[in-house]
Amino acid sequence: MYELCFVENELLTFILYKMKETEVIVKCPKCQKKALFKSTWIGSYVLRPASEGYVSCTYCGHSGKYIFSKESYYYQIPIGDRILYARTINNLIAIKRFFENDMKTEELYLDFPKEFYVHKKLIIQKIAALLQQEENDN
Ligand SMILES: [Zn+2]
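**Student:** Would you mind going over the overall build of the protein chain in detail, with residue names and values included?
**Tutor:** Across its full length, the protein chain carries four helices and eight strands. Listed N to C, the secondary structure of the protein chain is α-β-β-β-β-β-β-β-β-α-α-α in terms of helices and strands. Taken over 138 residues, the protein chain has a buried fraction of 25%. Sequence-distant contacts, at least 24 apart, represent 55% of the contacts inside the protein chain between residues at least 6 apart.

**Student:** An account of helix α2 (residues 89–100) is requested, with residue identities and associated values reported.
**Tutor:** Counted at 1.5 Å a residue, the expected span for α2 with its 12 residues is 16 Å, and the 17 Å between its end C-alpha atoms agrees. Among the residues of α2, N91, L92, I95, K96 and F98 are the ones counted as buried. Across the axial projection of α2, the buried residues extend over an arc of 155°, all falling on one side. In the core, the buried residues of α2 are packed alongside β7 (75–79), β8 (82–86) and α4 (120–137).

**Student:** Describe in detail the sheet that holds strand β2 (residues 34–38), supporting the description with residues and values.
**Tutor:** Taken together, four strands build an open sheet; the order of strands is β1-β2-β5-β6 and the sheet is antiparallel. This sheet does not close on itself; its edge strands, each paired only once, are β1 (24–27) and β6 (63–67). Across the sheet, the axes of successive neighbouring strands diverge by a mean angle of 40°, strand direction being ignored. As judged from the five bridges shared by strand β5 (residues 52–57) and β6, these two strands associate in the antiparallel manner. Bridged to V55 within β6 is G64.

**Student:** Requested: an account of the environment of F99, with residues and values cited.
**Tutor:** By the secondary structure assignment, F99 is in helix α2. The exposure class of F99 is partly exposed, given the 19 C-beta atoms found within 10 Å. Each C-alpha atom of the pair F99 and K121 lies 7.9 Å from the other, and the pair is 22 residues apart in sequence. Once you skip the residues sitting within four places of it in the chain, F99 turns out to touch K120, I123 and I124.

**Student:** Report on the pairing of β5, specifying residues and quantitative values.
**Tutor:** Bridge count for β2 against β5 is four bridges, and the pairing is antiparallel. Pairing of L36 across the sheet is with S56, part of β5.

Cut-offs applied
Residues numbered from 1 in each chain as written. Predicted model: local features only at pLDDT ≥ 70, side-chain atom pairs only at ≥ 80, totals over all residues. Helix = DSSP H or I, 4+ residues; strand = E, 2+ residues; numbered from the N terminus. Buried ≥ 20, exposed ≤ 12 C-beta atoms within 10 Å, placed from the backbone. Contact = placed C-beta atoms within 7 Å. Expected span 1.5 Å × (residues − 1). Arc of directions from axis to C-beta. Pairing = 2+ DSSP bridges. Axes fitted to C-alpha atoms, helices over the stretch in contact; angles between N-to-C directions.

Structure below.
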């Protein structure tokens, strides 16, 4: 279930990454299109990816060292006063499925904010539109 969760604060980010690969789709610092961010694991008690890593962009060819932050996420969907972040397209699909099927998270601290449940139809709509757009781009 962990991988379905949205990422807003650092703790969530760490837990999510622990479950999955460290790769995140980010906005290319040069051309703002989709780029791939990778970093290595750090930490002792809780493993997490270092915010310092490496970015590579297939659109403009840019590659180099990169410092990851929340703003780096390529997939950001504003929902009310909050932002839903997704690491990858698969993460977006999983989040959509989560709300479509009225699923629940087992860990309370990994849950989505209430606001997301209130706006779940909007989330489904926005993700569907984004997925459609991605398909058209390919
Ligand atoms: Zn680029």
